[in-house]
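Inside the fold
Below are the chains, spelled out letter by letter.
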Amino acid sequence: MIRPVMTCDRTDCQAIYRPDVDAGADVLERAARSVGWRRTSTYSHACPACATDRGPVLELGDCPTCSGRTEDQADGAHCHYCRTVVPRGNDLI
């Protein structure tokens, strides 16, 4: 299965937005925009880190917004680049 993704067009940026579900281009665009991606021209996009001058994303990891490297902290995983925080789940045994 081929799933559409969005990539950042800034030089040297490795950011990728991969939606949770298979989506067409219009749904992908809306979903990416809702988490901070910006359209820079007809076919170009900037990731949230580059759009706010914190990029480019140089190391890939587990961030659901830009695929950047994350750091575990007490309240969840923090993206080093776009500052997305993925809260910890309930660790019930």
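Whatever comes next refers back to the structure up there.
Considerations on the pattern of salt bridges
Tallied over the entire structure, the rule returns three salt bridges. Connected via shared salt-bridge partners are E29, R33 and R39.

Some words on the side chain of H45
Here H45 is to be found in strand β4 (residues 45-46). Only 2.9 Å separates the side chain of H45 from the side chain of E29, close enough to count as a polar contact. Not counting the four nearest positions on each side in its chain, H45 is found in contact with M6, T7, C8, D9, E29, W37, R38, R39 and T40.

Description of the environment of C82
Position of C82 among the secondary structure elements: in the loop between β6 (76-79) and β7 (85-87). Residue C82 is classed as buried on the basis of its relative accessible area of 7%. Each C-alpha atom of the pair C82 and V57 lies 8.5 Å from the other, and the pair is 25 residues apart in sequence. Setting aside anything within four residues of it in sequence, one finds C82 in contact with P48, A49, R54, C63, T65 and C66.

Definitions and limits used
- Residues numbered from 1 in each chain as written.
- Predicted model: local features only at pLDDT ≥ 70, side-chain atom pairs only at ≥ 80, totals over all residues.
- Heavy atoms only, no water.
- Salt bridge = Lys/Arg side-chain N within 4 Å of Asp/Glu carboxyl O.
- Helix = DSSP H or I, 4+ residues; strand = E, 2+ residues; numbered from the N terminus.
- Polar contact = N/O pair within 3.5 Å; in protein donor to acceptor, adjacent residues only side chain to side chain.
- Contact = heavy atoms within 4.5 Å.
- Buried < 20%, exposed > 50% of the residue type's maximum accessible area, 1.4 Å probe, protein only.

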